[in-house]
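Residue strings, one per chain:
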Amino acid sequence: MRCSSITMDIREVLVIMKTCILTQMFIVMNLSYVATQVHFNGSVYLECPSGSYQVQFTSNCTSVCPSHTPFNVSYWCLDFCPIGNEYPECTHDIPRVTSERLIRKPIFRCRKGFCPNERPFCFDYQCLLECPTGTINDDTLCVSHCSNSKALVFNNSCVTDCPSNKPFNESGVCVSECSNINVRNNKTCVRVCPTDMFRYNKTCRAVCPKEASFIVEAFDTKFCLNSCPDITFLDGYICKAACPKGLEFLWNRTCMESCPDVAPLVYVMKRRFPFGILICIASCPGDMFSDGITCVHTCDKRMYVFNASCVYNCPSDHKLLEGSAPPYTCMEQCRPHQKLYHNHCVEKCPDGMLLSNSSCLSKCPKENSTIYNGTCVSKCPINLVDDSGVCMEHCVDSEYVLNQVCVASCPLKYVVKFRSWQPYTKFCVTSCDTNIGPDWYRYECRCAGSLLLFNNTCVTKCPSLYPIVYNGKCLVECPDGFVAYNGKCQSSCPKNSSYVINNNVCAEMCPSSHQYFATLQMWDTYKMTFVSSSCLDKCAEQNFAEISYNMDCIDTCPDKTVIFGVPRCIHNCSSDESIYRRTFYSHYHIYICVKECPDTSFKWKNHCYDQCPSYLPSYQPNRTCVEECPKDTFHVRNTCNKTCNGYIFNRTECVYFCPRNAPFVLGQNCVSKCPVSHVLNQQDGRCVETCLPNVKLNRTCYRTCPDSSPFVLNNTCVKECPKTFNLTAPSPQGFICVNECKPPLVRDGNRCTVTCGQKLVVNNVCENTTECSNSFRFVENSTRGQMCRKNCTEKEFIFEEVWCVNKCPNFALGQRCLDHCPPSHPYTFHEKYAKEKDSMRCYSNCPTITFGAFCVDSCPESHRAVESTRTCEKTCPASDPIKTDSMCLQPCSITESFSRLEQKCIPMSPGLVAAIVVTCVIAVLSVIGVFFMCKTPTTPRNKSNSPDAAAMADESAKPQRRENTNNSVKYECATSTIHFEGDLSQHGRGCDTEKDLTGATMDTTKTETGLDNSGFSDPETSNI
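All values reported here derive from a predicted model rather than from experimental measurement.

Asks: Explanation requested: the overall build of the protein in the structure shown.
Replies: What the protein contains, in helices and strands, is four helices and 102 strands. The proportion of buried residues among the 1024 residues of the protein is 36%. As presented, the protein carries roughly 64,900 Å² of accessible surface, and 53% of it is formed by carbon and sulfur atoms.

This is the structure we're talking about:
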């Protein structure tokens, strides 16, 4: 672009000059427009969406921070942790030198050369193979931290400088690389670079390199970048994010007074930098709206949303509104699934409104006047009925169903009721045979109006043989629970005809054939009861009224009458009869006149009782009721007994509780006060000789001492303890006065307590100190607190030289806990193959079977236990060739045989051993006999004495060399020679002709085996 030279106003000239200068700057710097965008899951955003983070100064977003930028700070994934309270996500722990298991500093420092070479390290004047866990080696001294002269730690030792393989100092420890939380500054690992230095590739530099010459400052740190972030503007080589005042808007990496026409909208960016930036964009993001020139997440409640913009009024062609609350969205028409309510598009109609053709109405239109589930329809579904314009499951009880519509009366002749529904549904049909559904057999047919049903036909009057009308039907008699009156069945008779004859017919009075009258309780078919006055021919038990009294049938006689004879009720029995009160269910009684009382009853005067009255105790020996029990018996629960049998004796009777005038119990007797030899137990009111296990105060036993005398001395409550018992110990009865605290209690001041809290327990006394003395140098963590002890018990282990523990965390050698087993004791029990053994103990040799570096009870399935070496091997060695299911065994001895059943060598029986020995002797003698038979001289087959014949004989007598398959050499003799086994050089292995055997070349009295003809060995020739 060229600058214009047209004559203009001075202001216009200045504007044109400014535009030219800015344009030339863009051309010179070769800066094209850069979109301020980031990427996440294949989509483009202005800022990383919620739930994602921007990867440092890149344009990428991620839901999980990658390994090269692992630290999550606000909306960022960074490769470092900023310092400051505003970044709580990065409060990571810096690696420490000392171990968490360091329990205390060494009490004493050894002088140099104190320990011998075989145990060179010293801790608390104890010489060790290595420094304890949590300490550092400082010239063979085990210390908790290094001195200033050797302030660095390398391989758990104090050094002056870090070696080349771990050259960097990170918090006093030599490391090969700084951890993620730190950055390198020369040879020191620091959290942040100094203020005058720049950060590049996790290194602090004095100046930025050429390949990363741009500088951006964020999180109180200056970074070297190869290019500026797209949300910054360039000031020399410095990338700045905050535009100066008056030029607040950032567009195309340029700060401007206002946004240009190509990007007129303002977006407030808050997540891509530690502070907000005003960005110029062409259009708002999809989840935002334009309010004037600003992109907002929601419009003002007084405005509307139209085309992603906030407007004060909807256009005339978009008058419908969408949304449950303002600001509403302007719509041209509702969405397919929405309903129109006034001018709002809603998901469903409000309560009380009806849906008709996707509109919410207060009343259904004529063409769809029936309501079904809040919707206007022309007709109800097939399984429902129309009841006053509403689809229902059934009509009300008083209505009928006609053509799927509920009507008040049935215009047809027949009515069908469905028996199973409540309330009943009644259908108007033309005949009882009309099929109204698949379950027609569950319906019953009736007649409409005043017509009566007889033989499945509607009639105006019942025939004479079926005179009774019940439920619209003609019957012979009323069903159970109903009575007939004037040809109809009803629940009871009217007052003017209150009597019921046996056939359940109401009458004005009982006839002579049924002169007995009874008031009966009856049940109808629905188990409902009602009272009926019946005329009976006799009082019968089946009518629950078997007793007659004044021509009435009743179930019990009235007061002052008794049962006699038929049965009937009379006022008095005759003089020679007794009145028997018979008892039912312990409370229901009837009185009967009897000649003699039953044997099971009790007598009193002219009465018999199944149970004596409550005011008369029963005496069992003569089966009588008495006013007072005889001597030597006691009144117990309305019975005269010889003993109280668990009850308390009070004068002449046995009682549950003693009366007020004698409220205490002494043995089994009620007394007014306890004797001098006894004390009163306050809990149960008994007089006892001792209060144990309770305590005593003023001749009364208490479970715990009262506040007035809270201490216990010799099982007695006292106000304070005497000087000789100046300590108190807790107990269920109170604080006991003692002169010493016995375990498990410890002494804390003048009291015995269960725990010392933060104090140390020394010799069973709570001491206010933080370290144990040399005489009590061992420490135990117990329920009473940390205890200082002289030594650990034999069953305990010593952990970190001072702790007495029941189990070592890693390994144990003797009583000492170790991090690993030493070379002299390399074996431990395997947890899988020796489950009941202690897997932490170190052994020099396995007490069971050795499997690699472990001791096992049994080898794995792929191995066998070798008997001679007691080790697990996959294959059996030559020394143990016999294989069983789980073992390799040594060969059995000559007197043993291997049992496949028992999988071991077992001794042979003496008889079998003797038989084998005899068999072997016979075999040896047989071999010797055959041998001598072969040695007997014979006549030579070839008697030629010519030299050629002798040469041929000598040549045939030589053994022939033959290669064997296993690369060994064997010799074969000709058929005319005899083969002798032995060493050719020492024992004369070779072939001899028959001539040789006759004595031409050897003595026939001696053989190669060294046996002469007598069978005895010659020492000079025998070498086998």
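Asks: Can you help me understand a nonpolar patch on the surface in this one?
Replies: A cluster of nonpolar side chains, contributed by Val-917, Val-921, Val-924, Leu-925 and Ile-928, occupies part of the molecular surface with about 430 Å² of accessible area. Structurally, Val-917 can be placed in helix 2 (residues 910-935). By relative accessible area, which is 48% here, Val-917 ends up partly exposed.

Asks: Sorry if this is basic, but what is going on with the state of the cysteines here?
Replies: Every disulfide links exactly two cysteines, by a covalent bond between their sulfur atoms. Scanning the entire structure with this criterion turns up 45 disulfides. Residue pairing for Cys-756: its cysteine sulfur links by disulfide to Cys-766, the two sulfurs lying 1.8 Å apart. Between Cys-756 and Cys-766 the disulfide shows an S-S torsion of about -80 degrees. By sign, it is left-handed. Placement of Cys-756 in the loop between strand 81 (751-753) and strand 82 (760-762) and of Cys-766 in strand 83 (residues 765-767) is noted, with a sequence separation of ten residues between them. The pair formed by Cys-756 and Cys-766 is uniform in burial state, with each residue classed as buried.

Asks: Can you walk me through the sheet that holds strand 4 (residues 61-62) in this structure?
Replies: The pairing of strands in a sheet happens through backbone hydrogen bonds and is either parallel or antiparallel. In space, the four strands of this open sheet follow the order 4-3-6-5, with mixed pairing throughout. Among the strands making up the open sheet, the edge pair consists of strand 4 and strand 5 (71-73). The sheet contact formed by strand 3 (residues 53-55) and strand 6 (residues 76-78) spans two bridges and is parallel. Within strand 6, the residue paired with Gln-54 across the bridge is Trp-76.

Asks: So what exactly am I meant to see when it comes to the environment of Val-754 here?
Replies: Tracing the backbone through its elements, the reader meets Val-754 in the loop between strand 81 and strand 82. A residue is classified by how much of its surface remains accessible, and Val-754, at 48% relative accessible area, is partly exposed. It is 9.2 Å that separates the C-alpha atoms of Val-754 and Ala-729, two residues lying 25 residues apart in sequence. Apart from the residues lying within four places of it in its own chain, the contact partners of Val-754 are Pro-744, Leu-745, Val-746, Thr-783 and Arg-784.

Asks: Teacher, can you tell me more about the nonpolar core here?
Replies: As a rule of thumb, nonpolar side chains are buried together in soluble globular proteins. Leu-250, Tyr-267, Met-269, Ile-277, Ile-279, Ile-281 and Cys-295 are the most contacted members of the largest nonpolar core, which totals 16 residues. Breaking this core down by element, the ones donating at least two residues are strand 25 (265-269) and strand 26 (277-281). Residues contacting Ile-281, with those up to four places away along its chain left out, are Leu-46, Ala-263, Pro-264, Leu-265, Tyr-267 and Cys-295.

Asks: What's the story with unusual backbone geometry in this structure? I'm lost.
Replies: Glycine aside, residues mostly have negative phi angles, and peptide bonds mostly take the trans form. The peptide bond linking Leu-692 to Pro-693 adopts the cis configuration, its omega dihedral lying at 0 degrees. In this structure, Pro-744 follows Pro-743 across a cis peptide bond, with omega equal to 10 degrees. Mapped onto the secondary structure, Pro-744 falls in the loop between strand 79 (734-738) and strand 80 (746-748). Its identity as a non-glycine residue notwithstanding, Arg-253 has a phi of 65 degrees, on the positive side. With respect to the secondary-structure elements, Arg-253 resides in the loop between strand 23 (249-251) and strand 24 (254-256). Although it is not a glycine, Arg-623 adopts a positive phi angle of roughly 50 degrees. In this fold, Arg-623 is placed in the loop between strand 64 (618-619) and strand 65 (624-625). The exposure class of Arg-623 is partly exposed, given its relative accessible area of 23%.

Asks: How should the pattern of salt bridges be read in this particular structure?
Replies: Pairing is possible between side chains that carry opposite charge, provided their charged atoms lie close to one another. Tallying each qualifying case throughout the model produces twelve salt bridges. Between Glu-322 and Arg-335 there is a salt bridge; the shortest N-O distance is 2.6 Å. With Glu-322 in strand 31 (residues 320-322) and Arg-335 in the loop between strand 32 (329-331) and strand 33 (339-341), the pair connects residues that are 13 residues apart, well separated along the chain. Accessibility expressed as a relative area gives 39% for Arg-335, which makes it partly exposed. Here Arg-789 and Glu-780 are joined by a salt bridge, their closest N and O atoms 2.7 Å apart. The pair Arg-789 / Glu-780 is uniform in exposure class, with both members buried. A network of salt bridges, in which partner residues are shared, links Asp-748, Arg-751 and Lys-759.

Asks: Quick question: what am I supposed to make of the confidence of the model for the protein here?
Replies: Detail in the predicted coordinates should be disregarded across regions flagged by low pLDDT. Confidence in the prediction for the protein averages 78 pLDDT; 80% of positions are at 70 or higher. Low pLDDT (under 50) marks residues 1-11, which in the prediction has five contacts with non-local residues, meaning those over four places away or in another chain. Counting interchain partners and residues more than four positions distant, the pLDDT-below-50 stretch residues 938-1024 has 101 contacts.

Asks: Can you walk me through the environment of Cys-228 in this structure?
Replies: Following the sequence through the fold, Cys-228 ends up in the loop between strand 20 (221-225) and strand 21 (233-235). By relative accessible area, which is 9% here, Cys-228 ends up buried. For Cys-228 and Thr-58, which are 170 residues apart along the polypeptide, the C-alpha to C-alpha distance reads 9.9 Å. Not counting chain neighbours up to four residues away, the residues in contact with Cys-228 comprise Phe-214, Leu-234, Cys-239 and Arg-253.

Asks: Would you take a moment to explain the packing of aromatic side chains for this structure?
Replies: We describe a pair of aromatic rings using the distance from one ring centre to the other and the angle between the two ring planes. Overall, the coordinates contain seven aromatic pairs when judged by the stated rule. Between Phe-634 and Phe-649, the ring centres sit 4.8 Å apart and the planes meet at 80 degrees, which makes this aromatic pair edge-to-face. Placement of the pair is Phe-634 in strand 66 (residues 634-636) and Phe-649 in strand 68 (residues 648-650), with a sequence separation of 15 residues. Accessibility expressed as a relative area gives 22% for Phe-649, which makes it partly exposed. Within the aromatic cluster, the residues linked to one another by ring pairs are Tyr-647, Tyr-656 and Phe-657. Here Arg-623 stacks its cationic end above the ring of Phe-602, 4.0 Å away from the centre of that ring. Over the ring of Phe-778 we find Arg-777; its NZ or CZ atom is 5.0 Å from the centre of that ring.

Criteria and cut-off values
- Residues numbered from 1 in each chain as written.
- Predicted model: local features only at pLDDT ≥ 70, side-chain atom pairs only at ≥ 80, totals over all residues.
- Heavy atoms only, no water.
- Helix = DSSP H or I, 4+ residues; strand = E, 2+ residues; numbered from the N terminus.
- Buried < 20%, exposed > 50% of the residue type's maximum accessible area, 1.4 Å probe, protein only.
- Areas by Shrake-Rupley, 256 points an atom, 1.4 Å probe, with all protein chains shown as cover.
- Patch = residues over 30% accessible without salt bridge, like charges linked within 9 Å, V, L, I, M, F, W, Y side chains within 5 Å.
- Salt bridge = Lys/Arg side-chain N within 4 Å of Asp/Glu carboxyl O.
- Disulfide = S-S within 2.5 Å.
- Pairing = 2+ DSSP bridges.
- Contact = heavy atoms within 4.5 Å.
- Core = buried A, V, L, I, M, F, W, Y, C linked by side-chain atoms within 4.5 Å.
- pLDDT = per-residue confidence, 0-100.
- Phe/Tyr/Trp six-rings, centres within 6.5 Å; stacked < 30°, edge-to-face > 60°.
- Lys NZ or Arg CZ within 6 Å of the ring centre and 35° of its normal.

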